[in-house]
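The chain contents come next:
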Amino acid sequence: MAKGIEIREAHYPGRAPIDAYGAGGFRFADMSHRGSILCLPSGVHGWDVHGPEDITEAALEPVLAEAGDIEVLLVGMGMDFRRMPREIQALLRESGIVTDAMNTGSAVRTFNVLLAEDRAVAAALIAVDDPGKRA
């Protein structure tokens with residue numbers, strides 16, 4: 001008997017550069033994901049964050065769980081630059097992670113360069129609708 005469609009948590013088990021972003025999602029490793037993502041040493045994970053205001057300690061729990069393998073966390077804050085809340089920066093710094101917040105496009109490009117250099121980098125990327133348009 002055939003099984004129905006199985007819905008699983010979005011996860012790609014490997015480190016992959018981001019090939020494209022926009023239209024509310026990302027393309028990487030010959031696949032795509034609609035929504036925000038976390039690029040961690042354990043792989044690329046779906047991330048239930050829709051805007052900078054959703055970045056909380058709970059939202060960053062997967063990052064903190066892998067803190068020993070991360071030196072730099074690039075945070076793509078959406079279409080425009082926004083600062084990370086100081087308490088979140090302090091929490092990550094206490095775990096040995098330096099954060100660098102920027103717009104999502106800049107974070108994607110920087111992540112790809114640091115990944116190619118085999119650096120201990122991770123990225124928390126908020127999906128954007130169209131990288132060519134500003135609100």
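Residues numbered from 1 in each chain as written. Predicted model: local features only at pLDDT ≥ 70, side-chain atom pairs only at ≥ 80, totals over all residues. Heavy atoms only, no water.

A. View of the overall build of the protein chain. Looking only at helices and strands, the protein chain features three helices and nine strands. Going from the N terminus to the C terminus, the protein chain shows its helices and strands as β-β-β-β-β-β-α-β-α-β-α-β. Counting all 135 residues of the protein chain, 44% fall into the buried class. Sequence separation of 24 or more characterises 67% of the internal contacts of the protein chain that already satisfy a separation of 6 or more. Carbon and sulfur atoms provide 49% of the accessible area of the protein chain, an area that totals close to 7900 Å². (Helix = DSSP H or I, 4+ residues; strand = E, 2+ residues; numbered from the N terminus. Buried < 20%, exposed > 50% of the residue type's maximum accessible area, 1.4 Å probe, protein only. Contact = heavy atoms within 4.5 Å. Areas by Shrake-Rupley, 256 points an atom, 1.4 Å probe, with all protein chains shown as cover.)

B. Structural view of the environment of Asp100. Note that Asp100 resides in strand β8 (residues 98–102). Along the primary structure Asp100 and Ala123 are separated by 23 residues, whereas in three dimensions their C-alpha atoms are 9.5 Å apart.

C. Layout of the pattern of salt bridges. Applying the stated criterion across every chain yields a total of one salt bridge. Ionic pairing is found between Glu117 and Arg119, a salt bridge with its closest N-O pair at 3.6 Å. We classify Glu117 as partly exposed; its relative accessible area is 48%. Exposure remark for Arg119: the relative accessible area of 39% places this residue in the partly exposed category. (Salt bridge = Lys/Arg side-chain N within 4 Å of Asp/Glu carboxyl O.)

D. Here's a closer look at helix α3 (residues 104–116). Across its 13 residues, α3 extends 18 Å between first and last C-alpha, which sits within 8% of the 18 Å expected from 1.5 Å per residue. Packing partners of the buried residues in α3 comprise β2 (18–22), β3 (25–28), β5 (36–40), β7 (72–76), β8 and β9 (121–125). The backbone nitrogen of Gly105 has a side-chain oxygen 3.1 Å away, supplied by the residue at the start of α3, namely Asn103. Asp118 sits one or two residues past α3 and shows a positive phi near 60 degrees. (Expected span 1.5 Å × (residues − 1). Polar contact = N/O pair within 3.5 Å; in protein donor to acceptor, adjacent residues only side chain to side chain.)

E. How the structure looks around unusual backbone geometry. Within the chain, Ala23 stands out as a residue other than glycine whose phi angle is a positive 55 degrees. By the secondary structure assignment, Ala23 is in the loop between β2 and β3. A relative accessible area of 51% places Ala23 in the exposed class. In the Ramachandran plot, Asp30 falls in the positive-phi region, its phi being about 60 degrees despite a non-glycine side chain. The exposure class of Asp30 is exposed, given its relative accessible area of 83%.

F. Molecular detail of the nonpolar core. Within the largest apolar cluster, 23 residues are counted, with the highest numbers of intra-cluster contacts made by Trp47, Ile55, Val63, Leu73 and Leu92. Those elements that provide at least two residues to this core are β5, α1 (61–65), β7, α2 (86–94) and β9. Element by element, the count of residues in this core is highest for α2, at three residues. Here Ile55 is in contact with Trp47, Val49, Leu60, Val75, Met77, Met84, Ile88 and Ile126, once residues within four sequence places are set aside. In terms of nonpolar packing, the next biggest core, distinct from the first, is built from 18 residues, Phe28, Ile37, Val108 and Ala123 among them. (Core = buried A, V, L, I, M, F, W, Y, C linked by side-chain atoms within 4.5 Å.)

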